[in-house]
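Observations on the model geometry
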Amino acid sequence: MPNVIVVLGTVMSGIGKGSIAASIASLLSERGYDTNVIKMDGYLNYDAGTLDPYRHGEVFVLDDGTECDMDLGTYERFLSKNLSGDNYLTSGKLFYEIIKKEREGYFKGEDVQFVPHVVNDIIERILTLPGEFIIVEIGGTAGDIENSYFIEAVRQLSKRVPTAFVVVTYVPEPPSIGEQKTKPAQQGLRILLSMGVTPTFIVARSHRPLEYKAKYKLSLYGGVPLENVISVPDLPSIYHVPVVLEKQGLISKILKLFGYEDESKGTRWEGFVKRCESLEEELTIGVIGKYADFPDAYVSIRHALIHAGVAVGRKPKIIWINTRKEVKEEDLSSLEAAVIPGGFGKEGAEGIIKALKILRENEIPTLAICRGMQLLAVEIVRDLVGYSDAHTTEIDPNTRHPVVIEMPGYSRGRLRKGLYPVSIVPGTHLYEVYGSTKTLERHRHRFYVNPEYFDVLRDAGAKLSARSGRILEGIEIGSMIGVQFHPEFLSRPREPSKLFLDLYKRAIFK
Ligand code: GLN
């Protein structure tokens, strides 16, 4: 039987519960324990594929094509482990599969109920994950209708296997009062207690480190010893979170509770954080897309830039450029490098095409990802071939020059998702970057560069540098590199994406 660590929230969401859960997982795995995670989300959406990046941040994609919450990206980056659909459960998926079973006669005429059926299903999903330690993160906050059955499931589970509850709460410090106030946290804890869950640890998020008085109150109201109240103040980056947790001995305390001996020898994250902080020289990189005013929508790109920056010794200074607004040459010409993220729909697309032209003409090292690559192909055909109406049929279904079209078999919203092999053409820049004719990268798209335009692109001076069957996976022209896949999803702090590293190198040694 595994040891289970449940991470849940009170007061409000969006305060870093995901990074706290990921840090706990990472610190355990760093000690050599086989650690696994599962994130449970109350949404009735089957997966995150249809969630609005404006509200939820980026849609992250796993090897098996699961479209999930961006917290799974944090887990992968912290654990250096590739996760699967088993590590992500929405209420939509949970109910869909239970109702499907009911329709198939699985329950043989029984009433299908929240308790025991839904709850047992949740418990089974936790217990079937391999690992000595399973971190269960429950999205939202205690008291939400949509996560009540997840909380009931972990409450019941805690009677069967060793379980620790790490409750993440928030302690505000209103400027007009100038004091840390624990009342919202007290009320949140009361809700949790009324659900039968007693915290083992309370992790208090606050602006400044938690003062003794606030700590003491939380320990009283939450019914935990004072030393089990952990303070996580606002930090310069999420990579500081494991360092702060380790300093307060959270993992040693959890391990002792489960009957393990432990003596903390610090964490590898200390070195990473030190390297981040020691970077002095900056590199100005534009991230250009329609969600630029909401950077969480591009969170994996931001992290991929941090990882590669640490490796080459440069601090990324990211300039977010919103293509829903007018794209101006003077905003782009001073950039040292640029990333064009993927995207869907019409909004901001003309701005991206304009930006691509400016970047190409100013020879600014650029990495264009997924739709960014598709629009790069459009831009080349428009500007270098002279077909000014060239387009992707995603935006203009009637264009006379459909440079990008829907892939056969991928109509009605079906996407090519997950890890697919990419064949790289020797003699290209991409080949130099990967040092191989083969790689595996994650994808999420429905459109592709129209194979009928391959020769047109070649004649315009572009190199078609990678393929997957008929699907164009890479294109190069001047300072521009476009890829159909998403290299940002596989970038890890100590193992940066080769393409992001290359972007820095191209910018530095220009
Ligand atoms: N909208 C484009 C497609 O479906 C690109 C998707 C993306 O950039 N992730 O192919």
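Basis of the calculations
- Residues numbered from 1 in each chain as written.
- Predicted model: local features only at pLDDT ≥ 70, side-chain atom pairs only at ≥ 80, totals over all residues.
- Heavy atoms only, no water.
- Phe/Tyr/Trp six-rings, centres within 6.5 Å; stacked < 30°, edge-to-face > 60°.
- Helix = DSSP H or I, 4+ residues; strand = E, 2+ residues; numbered from the N terminus.
- Buried < 20%, exposed > 50% of the residue type's maximum accessible area, 1.4 Å probe, protein only.
- Lys NZ or Arg CZ within 6 Å of the ring centre and 35° of its normal.
- Expected span 1.5 Å × (residues − 1).
- Axes fitted to C-alpha atoms, helices over the stretch in contact; angles between N-to-C directions.
- Parallel < 35°, antiparallel > 145°, perpendicular 65-115°, else oblique.
- Left-handed = near helix turned anticlockwise from the far one by under 90°.
- Contact = heavy atoms within 4.5 Å.

**Describing the packing of aromatic side chains**
By the definition in use, this model includes 21 aromatic pairs. When the ring of Tyr-54 is compared with that of Tyr-291, the centres are 5.2 Å apart and the planes differ by 85°; the resulting orientation is edge-to-face. In this pair, Tyr-54 sits in helix H2 (residues 53–56) while Tyr-291 sits in the loop between strand E10 (282–289) and helix H12 (299–312), placing the two residues 237 residues apart along the sequence. Accessibility expressed as a relative area gives 14% for Tyr-291, which makes it buried. An aromatic cluster of three or more residues is present, and its members are Tyr-54, Tyr-291, Phe-294, Tyr-298 and Trp-320. The ring of Tyr-106 is capped by Lys-101, whose NZ or CZ atom sits 4.4 Å from the centre of that ring. The aromatic ring of Trp-269 is capped on one face by Arg-494, whose charged end is 4.4 Å from the ring centroid.

**Brief notes about helix H1 (residues 17–30)**
Spanning 14 residues, H1 covers 20 Å between terminal C-alpha atoms, matching the ideal 20 Å at 1.5 Å per step. In terms of residue burial, H1 counts as a mostly covered element, since 12 of its 14 residues are buried. Listing the buried residues of H1 in full gives Lys-17, Gly-18, Ser-19, Ile-20, Ala-21, Ala-22, Ser-23, Ile-24, Ala-25, Ser-26, Leu-27 and Leu-28. Once H1 ends, the next one or two residues include Gly-32, with phi positive near 100°.

**Notes on the packing of helix H5 (residues 114–127) against helix H6 (residues 148–157)**
At a minimum axis separation of 9 Å, H5 and H6 run at an interaxial angle of 70°. With respect to H6, the axis of H5 lies roughly perpendicular. Between H5 and H6 lies a crossing of right-handed hand. Facing Phe-114, Val-115, Val-118, Val-119, Asn-120, Ile-122, Ile-123, Ile-126 and Leu-127 of H5, the residues of H6 in contact are Tyr-149, Phe-150, Glu-152, Ala-153, Val-154, Gln-156 and Leu-157.

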